[in-house]
Amino acid sequence: DQQVKQNSPSLSVQEGRISILNCDYTNSMFDYFLWYKKYPAEGPTFLISISSIKDKNEDGRFTVFLNKSAKHLSLHIVPSQPGDSAVYFCAAVGRDDKIIFGKGTRLHILP
Amino acid sequence: NAGVTQTPKFRILKIGQSMTLQCAQDMNHNYMYWYRQDPGMGLKLIYYSVGAGITDKGEVPNGYNVSRSTTEDFPLRLELAAPSQTSVYFCASSRQGVELGTEAFFGQGTRLTVV
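Only a predicted model underlies this, so the values are computations on that prediction, with no experimental measurement involved. (Residues numbered from 1 in each chain as written. Chains lettered and ligands numbered in written order. Predicted model: local features only at pLDDT ≥ 70, side-chain atom pairs only at ≥ 80, totals over all residues. Heavy atoms only, no water.)

Asker: Run through the sheet that holds strand S8 (residues 72–77) of chain A, naming residues and quoting values.
Answerer: All names here are of chain A. Spatial ordering of the open sheet is given by S1-S3-S8-S7-S6, a layout of 5 strands whose pairing is antiparallel. Two strands in the sheet have a free side with no partner beyond their single neighbour: strand S1 (4–5) and strand S6 (56–59). Sheet topology places S6 next to strand S7 (residues 62–67); 4 bridges connect them, and they run antiparallel. Paired with Glu58 across the bridge in S7 is Thr63. (Pairing = 2+ DSSP bridges. Helix = DSSP H or I, 4+ residues; strand = E, 2+ residues; numbered from the N terminus.)

Structure follows, in structure tokens:
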């Protein structure tokens, strides 16, 4: 039973446009959410996080939005750049300190 | 600035063999994690540790064992390798647990094939 769901396996976006990656979760006890980026043959690298007491966190081109009532979060990347092509993982953390990941979304930035 | 170091990078095991995947971090992090990544399946938590001497099961612990005798090291042991354990394994660490605002840092991964 997946607690963190990324329902889009892949997404293609034109360079310079906005990329929106979505994530849903089922466990209302999660209180911290993270986004990681992964290139082939490398470990995931941290991008941005958000606490459940907030609804938005911004860091440069990356913004994460959290809708607790819908158990939904999204990562916005604007403007999208070629180096943003990677797999993006959504993750959630509860009081038990487990970091639970989604299956990932592969983002392709088109020239 | 080594961060999280995993060894080996690649390994081929025969069914029934055993091996230990090594993970070391030099950031004095309390929390450490082991994940496996299967194609199209994301990262699944195997075991984690919130400090030396403390370990807990994750989502998919069966077939694995861990120990945490020091803050720096968190080895993952496969006792009887099975083809289902063919995967890429990632170790990660964080200072206090990510909900306190410190993200987890990942190693480069160990690609294990069981034949």
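Still more ground to cover, so stick around.
Asker: Explain empty space enclosed by the protein to me, using residue names and the numbers behind them.
Answerer: Enumeration over the complete set of coordinates arrives at 1 cavity of 30 Å³ or more. Counted as a void, the largest cavity has a volume near 50 Å³. Asp1, Gln2, Gln3, Val4, Ile100, Phe101, Gly102 and Lys103 of chain A together with Met41, Lys44 and Glu59 of chain B are the residues that line the largest cavity. (1 Å grid on protein atoms, 1.4 Å probe; cavity = no way out; pocket = protein on both sides within 12 Å on 5 of 7 lines; lining within 4 Å. Points joined across faces, edges and corners; volume = space filled by probe spheres on them.)

Asker: I'd like a rundown of unusual backbone geometry, residues and numbers included.
Answerer: Residues apart from glycine generally show negative phi values, whereas peptide bonds are mostly found in trans. With omega at -10°, the peptide bond leading from Val78 of chain A into Pro79 of chain A counts as cis. With respect to the element layout, Pro79 of chain A can be found in the loop between S8 and strand S9 (86–93). Omega for the peptide link from Thr7 of chain B to Pro8 of chain B comes to -5°, which places this bond in the cis form. For Pro8 of chain B, the position within the fold is in the loop between strand S1 (4–7) and strand S2 (10–13).

Asker: Give a detailed account of the interface of chain A and chain B, specifying residues and quantitative values.
Answerer: On the side of chain B, 23 residues touch chain A, which itself brings 22 residues to the contact. Surface buried jointly by chain A and chain B totals about 1,900 Å² across both partners, of which 61% is contributed by carbon and sulfur atoms. The interface formed by chain A and chain B includes 0 salt bridges. Between the two partners, chain A and chain B, sit 4 residue pairs in polar contact (both at pLDDT 80 or more). Here the element with the most residues in the side of chain A that touches chain B is strand S4 (residues 32–38) of chain A; it accounts for 4 residues. (Contact = heavy atoms within 4.5 Å. Buried area = accessible area lost by both parts, 1.4 Å probe. Salt bridge = Lys/Arg side-chain N within 4 Å of Asp/Glu carboxyl O. Polar contact = N/O pair within 3.5 Å; in protein donor to acceptor, adjacent residues only side chain to side chain.)

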